[in-house]
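Report on the structure
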Amino acid sequence: PRALDPLAVREDFPILSRSVGGQPLVYLDSAATSQKPRQVIDAEVSFLTRENAAVHRGAHTLAAEATELFEDARATVAGFVGAQPEQLVWTSGATAGLNLVAYAIGNATLGRGAPASARFALAPGDEIVVTEIEHHANLIPWQELAARTGAVLRHIPVREDGTIDLDAAASVISDRTRIVAFTHVSNVLGIVNPVVELVALARSAGAITLLDACQSAPHLPLDLPGLGVDIAVFSGHKMLGPYGIGGLYGRREVLEALPPFLTGGSMITTVSLDSAEYLPPPQRFEAGTQPVSQAIALAAAVRYLDAVGMDAVHAHERMLERRLREGLRQIEGVRVLGDPATRSGAPTVDRVGLAAFDVAGVHAHDVGQLLDSRGIAVRVGHHCAAPLHRRFGLTASVRASTALYTTNDEVDLFLDALSGVRAFFGATE
Ligand code: PMP
């Protein structure tokens with residue numbers, strides 16, 4: 001692929017030139033939220049300055065311009081994940097998208113929706129399958145749906161090296177399975193999961209698949225139709241876009257059959273006091289006023305990513321990830337979660353640029369504070385993946401995560417600062 005020049009990229013990100021405590025900011029928390037280029041900030045400001053109006057109604061010029069920009073944004077973001085515009089539903093984020101699906105399936109279970117919705121209805125004893133590595137956003141909505149419907153929640157285990165155990169998956173997924181929901185890339189392990197294999201297992205069991213693409217969309221070329229998933233969600237703020245916007249992709253026949261979750265204005269055709277008819281997707285899932293300026297800015301974000309090239313982004317971040325992981329392995333007392341070195345003969349896996357680790361004898365929060373005193377921003381805690389941490393015998397870890405604007409020098413500054421941490425806290429023998 002074309003090579004990525006992170007120094008040129010950084011010129012577009014105003015925040016990256018600020019300092020923290022008198023030192024240059026080293027931002028290694030992009031998996032929590034990415035920084036935003038000028039092009040994205042400008043797109044949102046420009047819309048609010050020039051075209052702002054309510055979309056899809058109104059006969060005036062501004063409304064028409066706003067509608068055109070909003071629907072162009074849908075086409076742009078849909079194209080970024082290989083989809084058609086009508087396959088992309090705007091949400092306020094990945095969490096909202098996952099809840100939308102869980103509640104829509106709950107509504108199908110209550111007999112709501114068109115006759116085709118019946119295929120989503122759950123009966124007591126039906127099974128919903130997740131993995132052990134899920135973000136709470138792709139776990140708790142399913143716990144709630146199981147509790148509401150009498151379905152049973154099961155999980156596919158993760159191996160010590162962080163890979164999904166496909167043999168175990170084949171035994172967990174059965175003809176009782178109705179939904180298989182899993183993440184493309186874990187926000188703790190960074191490993192790219194075997195989507196095609198999991199989709200094949202789910203399909204042969206007659207289950208629908210739901211992919212959490214939050215941590216893949218900003219880092220890899222993504223072709224959702226090619227992966228064969230029924231539904232996928234992603235989050236704008238992690239992919240250079242604003243807060244309050246995300247996408248829900250669905251296969252056409254799935255979106256057409258799924259009943260709505262939120263109801264109200266903008267999602268109907270005819271309404272009487274007793275009943276209403278709903279618009280086809282995507283509008284059926286977009287009740288109420290939409291995040292218009294955020295959608296337009298998210299389109300600017302994916303145009304930015306496309307201009308750099310997602311192959312180049314992925315290659316750059318793989319290089320950073322290898323440097324990060326190799327460096328962490330050299331530091332005494334550091335254990336990286338899901339490290340392939342822990343299992344001999346482990347297959348090489350594809351990854352994005354992040355690593356979460358434990359420092360023996362030092363609490364993650366103390367590590368985070370010491371790094372902050374050097375201007376280095378990392379994430380500490382369970383990263384909304386408490387079951388995964390428990391699996392590795394931890395309650396918290398430190399996570400360093402990169403993006404297209406991260407440099408080798410930043411990784412080195414981080415490794416250098418970290419190498420003194422145990423001695424600083426008196427944790428070495
Ligand atoms: N899934 C994963 C894998 C994530 O990393 C995140 C964000 N931490 C989410 C879901 C939730 O996304 P949001 O908070 O934007 O709704």
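- The name that an unreviewed UniProt entry assigns to the chain is Cysteine desulfurase, with the source organism given as Microbacterium pygmaeum.
- Taken from UniProt, the Sequence similarities (unreviewed entry) comment for the chain reads in full: "Belongs to the class-V pyridoxal-phosphate-dependent aminotransferase family. Csd subfamily."

A short note on the sheet that holds strand β13 (residues 334-336)
- Taken in spatial order, the 4 strands make up an open sheet running β13-β14-β17-β16, and their pairing is antiparallel. Both edges of this open sheet fall to β13 and β16 (379-381), since each of them pairs with a single strand only. Adjacent strand axes in the sheet meet at a mean angle of 30 degrees when their direction is disregarded.
- Relative to strand β17 (residues 397-401), β16 runs antiparallel, the two sharing 3 bridges.

What to know about the environment of Pro 291
- If you trace the backbone, Pro 291 turns up in the loop between β12 (276-278) and α10 (292-308).
- According to the C-beta neighbour criterion, Pro 291 is buried, with 21 such atoms within 10 Å.
- For Pro 291 and Ser 92, which are 199 residues apart along the polypeptide, the C-alpha to C-alpha distance reads 7.5 Å.
- Aside from chain neighbours lying at most four places away, what touches Pro 291 is Trp 90, Ser 92, Gly 244 and Ile 245.

Describing the sheet that holds strand β10 (residues 246-250)
- In space, the 7 strands of this open sheet follow the order β4-β10-β9-β8-β7-β5-β6, with mixed pairing throughout. Edge strands, defined here as strands with exactly one partner in the open sheet, are β4 (88-91) and β6 (152-156). Averaged over all pairs of adjacent strands, the angle between strand axes in this sheet comes to 20 degrees, irrespective of strand direction.
- When strand β8 (residues 208-212) meets strand β9 (residues 231-235), the two strands line up parallel, connected through 3 bridges. Counted as the bridge partner of Leu 210 is Ile 231 from β9.

Things to note about the domain arrangement of the chain
- When cut into domains, the chain gives domain 1 (6-30 + 309-424) and domain 2 (44-305).
- Here domain 1 and domain 2 have C-alpha centroids that lie 29 Å from each other.
- On the domain 2 side, the residues contacting the 29 residues of domain 1 number 25 residues.
- Those elements that place two or more of their residues in the side of domain 1 that touches domain 2 are α11 (310-330), β14 (354-359) and α13 (386-391).
- It is α11 that contributes the most residues to the side of domain 1 that touches domain 2, 6 residues altogether.
- Counted by class, the side of domain 1 that touches domain 2 contains 15 nonpolar, 5 polar and 9 charged residues.

Describing the site of the ligand
- Around the ligand, 14 residues are found, and the nearest of them are Gly 93, Thr 95, His 135, Asn 187 and Ser 235.
- The class makeup of the residues in the shell around the ligand is 4 nonpolar, 9 polar and 1 charged.

Some words on the nonpolar core
- Core analysis: the largest hydrophobic core is formed by 129 residues, its most contacted members being Val 180, Ala 232, Ala 295, Ile 296, Leu 298, Ala 301 and Phe 357.
- The element that contributes the greatest number of residues to this core is α10, accounting for 12 residues.
- Composition of this core by domain shows at least three residues from each of domain 1 (6-30 + 309-424) and domain 2 (44-305).
- Once residues lying within four places of it in the same chain are set aside, the contact partners of Ala 301 are Val 40, Met 239, Leu 240 and Gly 241.

The rules behind the values
- Residues numbered from 1 in each chain as written.
- Predicted model: local features only at pLDDT ≥ 70, side-chain atom pairs only at ≥ 80, totals over all residues.
- UniProt positions renumbered as here; feature names shortened; annotations may be inferred.
- Pairing = 2+ DSSP bridges.
- Helix = DSSP H or I, 4+ residues; strand = E, 2+ residues; numbered from the N terminus.
- Axes fitted to C-alpha atoms, helices over the stretch in contact; angles between N-to-C directions.
- Buried ≥ 20, exposed ≤ 12 C-beta atoms within 10 Å, placed from the backbone.
- Contact = placed C-beta atoms within 7 Å.
- Domains from an automatic or database assignment.
- Nonpolar A, V, L, I, M, F, W, Y, C, P; charged D, E, K, R; others polar.
- Near = placed C-beta within 6 Å.
- Core = buried A, V, L, I, M, F, W, Y, C linked by C-beta atoms within 7 Å.

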